[in-house]
Amino acid sequence: MSELTLRDALVASLPPVSYDPGAPQILREAGLAAAALADAEQFVGSIFIEQDPAKADVTLGDWERVLGLPDCCSPASQTVQERVAAVVERWTLKGGLSLTYFVELAARMGVTITIDELGNYTWRMNGPLLDLEVFRAGAARAGDRLRTWGSGELECRMDRLKPAHTRAVFGYSSDLAPSSPLHAPIAAGPVAMLPIC
């Protein structure tokens, strides 16, 4: 309803004997109340749209709180679009126990992997060499690692979603990564202990 319609409805609802519906003070107060009601009505309409997490704006923080986001697998800083995408993914994620499910999950994150079953409920997820950081004299300090690699977000999400009775190790290979003089074959194995979410 428009503010004018709301104002007229408020004035019409006044007791007929006690108030003069045409008095300037009555019209001003009814106009202010009508403006507040129109704003509330518009807000309710926008909240109705935000029942779909893909359209969340005002309620994005509430969606994140309800779904436990950001979690320990989330990047440190995210744009609003990335936050909405994380909410939609968490809301619609069906889960799965098959190896194909985890290959598809990595593909949605933009990483191509293969998975080998090693026995004793152990899986090795083989992927390209990502986020390679090499120690550089003059830029690094004593105590820094000589070389680090991996995808912390991918590893965290895979470890979090895998069946509880299984163990996942991550293998990275320069054969699967873009060519670079810094890339060298690296043995498969667990890269690091990940935080428990």
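Computed from a prediction, not measured in an experiment: that's the story for all the values here.

Reading the values: rules and limits
Each chain has its residues counted from 1, following the order in which its sequence is written. Note on the predicted model: pLDDT of at least 70 is required for a residue's local features to be given, and 80 or more for side-chain atom pairs to be given and counted; whole-chain, interface and lining totals, by contrast, use all residues. Working from all heavy atoms in the structure, the side-chain values ignore hydrogens and water. In this description a helix means any DSSP run of H or I spanning at least four residues, a strand means any run of E spanning at least two, and both kinds are numbered starting from the N terminus. Three exposure classes are used, based on accessible area relative to the maximum for each residue type with a 1.4 Å probe and protein chains only: buried under 20%, partly exposed in between, and exposed over 50%. Contacts: residue pairs with any heavy atoms within 4.5 Å of one another. Residue exposure ignores everything except the shown protein chains as possible cover, and the areas themselves are Shrake-Rupley values with a 1.4 Å probe. Directions are taken from the helix axis to each C-beta atom, and the arc is the one they span. The rule for pairing is simple: two strands pair if DSSP sees at least two bridges between them. The angle between two axes is taken between their N-to-C directions and runs from 0 to 180 degrees, where each axis is a line fitted to C-alpha atoms and a helix contributes only its stretch in contact. Should an angle lie under 35 degrees it is considered roughly parallel, over 145 roughly antiparallel, and from 65 to 115 roughly perpendicular; all remaining angles are considered oblique. It is the rotation of the near helix from the far one that decides the hand of a crossing: anticlockwise by less than a right angle makes it left-handed, clockwise makes it right-handed. Under the scheme applied here, ten amino acids are nonpolar (Ala, Val, Leu, Ile, Met, Phe, Trp, Tyr, Cys and Pro), four are charged (Asp, Glu, Lys and Arg), and all others, including Gly, are polar.

Q: Can you help me understand the overall build of the protein chain in this one?
A: Along its length, the protein chain carries six helices and five strands. For the protein chain, the sequential pattern of α-helices and β-strands runs α-α-α-α-α-β-β-β-β-α-β. Each of the 197 residues in the protein chain was classed as buried or not, and the buried ones make up 28%. The contacts in the protein chain between residues at least 6 apart in sequence include a share of 48% that link residues at least 24 apart. Per element, the accessible surface of the protein chain, about 13000 Å² overall, is 58% carbon and sulfur.

Q: When you look at helix α3 (residues 60-67) in this model, what are you seeing that I'm missing?
A: It helps to recall that an α-helix has 3.6 residues per turn; residues three or four apart then point in one direction. Within α3, the full set of buried residues consists of Leu60, Trp63, Glu64 and Leu67. Projected onto a plane normal to the axis of α3, the buried residues spread over an arc of 100° and lie on a single side. Across α3 from its buried face, at more than 90 degrees, point the exposed residues Arg65 and Val66. Buried residues in α3 make contact with α4 (80-92). In the stretch just after α3, Gly68 is the one whose phi turns positive, near 75°.

Q: Would you mind going over the pairing of strand β1 (residues 114-119) with me for this structure?
A: Each regular strand displays side chains that alternate between the two surfaces of the sheet. Note that β1 and strand β2 (residues 122-128) share five bridges and pair antiparallel. Bridge pairing in β2 places Glu117 opposite Trp123. Where β1 folds back onto β2 in an antiparallel hairpin, the turn is made up of two residues, including Asn120, whose phi is positive at roughly 50°.

Q: Help me understand the packing of α3 against α4, please; the structure alone is not making it clear to me.
A: Between two packed helices, both the angle of their axes relative to each other and the distance between the axes serve to describe the pair. Two elements in contact, α3 and α4, have axes whose closest approach is 10 Å; the angle formed by their N-to-C orientations is 45°. On the basis of the axis angle, α3 is oblique to α4. Note on packing geometry: the crossing formed by α3 with α4 is left-handed. Of the residues in α4, those in contact with Leu60, Gly61, Trp63, Glu64 and Leu67 of α3 are Val80, Arg83, Val84, Val87, Arg90 and Trp91. Taken together, the residues of the contact of α3 with α4 break down into seven nonpolar, one polar and three charged.

Q: Looking at this structure, how should I read the pairing of strand β5 (residues 167-173)?
A: Burial of β5 is extensive: five of the seven residues sit out of reach of the surface. By the bridge criterion, seven bridges tie β2 to β5 in an arrangement that is parallel. Among the inter-strand pairings, Gly127 is bridged to a residue of β5, identified as Tyr172.

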